[in-house]
Amino acid sequence: MPHIIIDYSRGAAQRIAIDELTRAVHRRVRDGGMVKPTVVRTFAREATVSCVGDEHPDNHFVQIIVRMAPGRPPEVKRELLKSVLEAARDVAASALETGRLGLRADLYESDPDFAFQEIAFADPGSAEQGQM
């Protein structure tokens, strides 16, 4: 963990390079020194149906959810979230300048008592496979 989920309104990819935004957010978290780089997972998904504000067809949103294990101090979580939003903002800058775009990032802590997993990712030669 963290897992990063990027949801975006239908058609937003016509105004924002979602693949670039996804990589930028992933790399910012992975390389930011606040989490183990090997545990970051990021995906983006387009809403099949979406309504934004007054439902004008040019309205779009990008919602970034960072889900991570509990235990980090509030200032670390805030810094991580600010860096996520900054990475996304850098990619979406021209769409933000044009307007009719909402960009948001939220952080949720996962409850380890209600999260089960099987992990088979590790650095080559690492002894940490199956652990987190």
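Just above, that's the structure.
Residues numbered from 1 in each chain as written. Predicted model: local features only at pLDDT ≥ 70, side-chain atom pairs only at ≥ 80, totals over all residues. Heavy atoms only, no water.

Q: Looking at this structure, how should I read the side chain of His 26?
A: On the secondary structure map, His 26 appears in helix H1 (residues 18-31). Apart from the residues within four sequence positions on either side, His 26 is in contact with Val 40, Arg 41 and Thr 42. (Helix = DSSP H or I, 4+ residues; strand = E, 2+ residues; numbered from the N terminus. Contact = heavy atoms within 4.5 Å.)

Q: Any chance you could explain unusual backbone geometry here in plain terms?
A: Most peptide bonds take the trans form, and the phi angle of most residues other than glycine is negative. For Glu 55, which is not glycine, the phi dihedral falls at a positive 70 degrees. If you trace the backbone, Glu 55 turns up in the loop between strand E2 (41-46) and strand E3 (60-68). Despite not being glycine, Arg 100 has its phi angle at roughly 60 degrees, a positive value. Along the chain, Arg 100 turns up in the loop between helix H2 (74-98) and strand E4 (101-109). In this structure Arg 100 comes out as partly exposed when scored by relative accessible area, which is 40%. (Buried < 20%, exposed > 50% of the residue type's maximum accessible area, 1.4 Å probe, protein only.)

Q: Would you mind going over H1 with me for this structure?
A: An α-helical turn contains 3.6 residues, so a residue and the one three or four places further along point in the same direction. Compared with the 20 Å implied by 1.5 Å per residue over 14 residues, the 20 Å span of H1 between its first and last C-alpha is a close match. Three or more residues of H1 are buried, namely Ile 18, Leu 21, Thr 22, Val 25, His 26 and Val 29. Projection of H1 onto a plane perpendicular to its axis shows the buried side chains occupying an angular sector of 125 degrees, all on one side. Residues of H1 that are buried make contact with strand E1 (3-8), E2, E3 and H2. Remark: Gly 33 follows H1 within two positions and exhibits a positive phi of approximately 80 degrees. (Expected span 1.5 Å × (residues − 1). Arc of directions from axis to C-beta.)

Q: Just to check I follow, could you spell out the sheet that holds E2 for this structure?
A: Across a sheet, strands are paired by hydrogen bonds formed along the backbone, either parallel or antiparallel in direction. Strand order in the open sheet formed by four strands is E2-E1-E3-E4, with mixed pairing between adjacent strands. Looking at the sheet topology across the chains shown, the edges are occupied by E2 and E4. In this sheet, neighbouring strand axes are inclined to one another by 15 degrees on average, regardless of whether the strands run parallel or antiparallel. Taken together, the nine bridges between E3 and E4 define a ladder with parallel strand orientation. By the bridge assignment for E4, Val 62 is matched with Leu 103. Docked against the sheet, H1 engages E1, E2 and E3, running at close to 155 degrees with respect to E1. Relative to E4, H2 is tilted by about 160 degrees, and along the sheet it contacts E3 and E4. (Pairing = 2+ DSSP bridges. Axes fitted to C-alpha atoms, helices over the stretch in contact; angles between N-to-C directions.)

Q: Looking at this structure, how should I read the nonpolar core?
A: Nonpolar side chains tend to gather and get buried jointly when the protein is soluble and globular. Residues Ile 4, Ile 16, Leu 21, Val 25, Val 62, Ile 64 and Val 66 are the most contacted members of the largest nonpolar core, which totals 26 residues. For this core, the leading source of residues is H2, giving eight residues. The residues contacting Ile 4, other than those within four sequence positions of it, are Val 25, Val 29, Val 40, Arg 41, Thr 42, Phe 43, Ile 64, Ile 65 and Val 66. (Core = buried A, V, L, I, M, F, W, Y, C linked by side-chain atoms within 4.5 Å.)

Q: How do you make sense of the side chain of Gln 63 when you look at a structure like this?
A: Relative to the assigned elements, Gln 63 resides in strand E3. Here Gln 63 falls in the buried class, since its relative accessible area comes to 17%. A polar contact is formed between the side chain of Gln 63 and the side chain of Asp 106, at a distance of 2.6 Å. Contacts of Gln 63, omitting those with residues within four sequence positions, involve Ile 5, Ile 6, Asp 7, Arg 104 and Asp 106. (Polar contact = N/O pair within 3.5 Å; in protein donor to acceptor, adjacent residues only side chain to side chain.)

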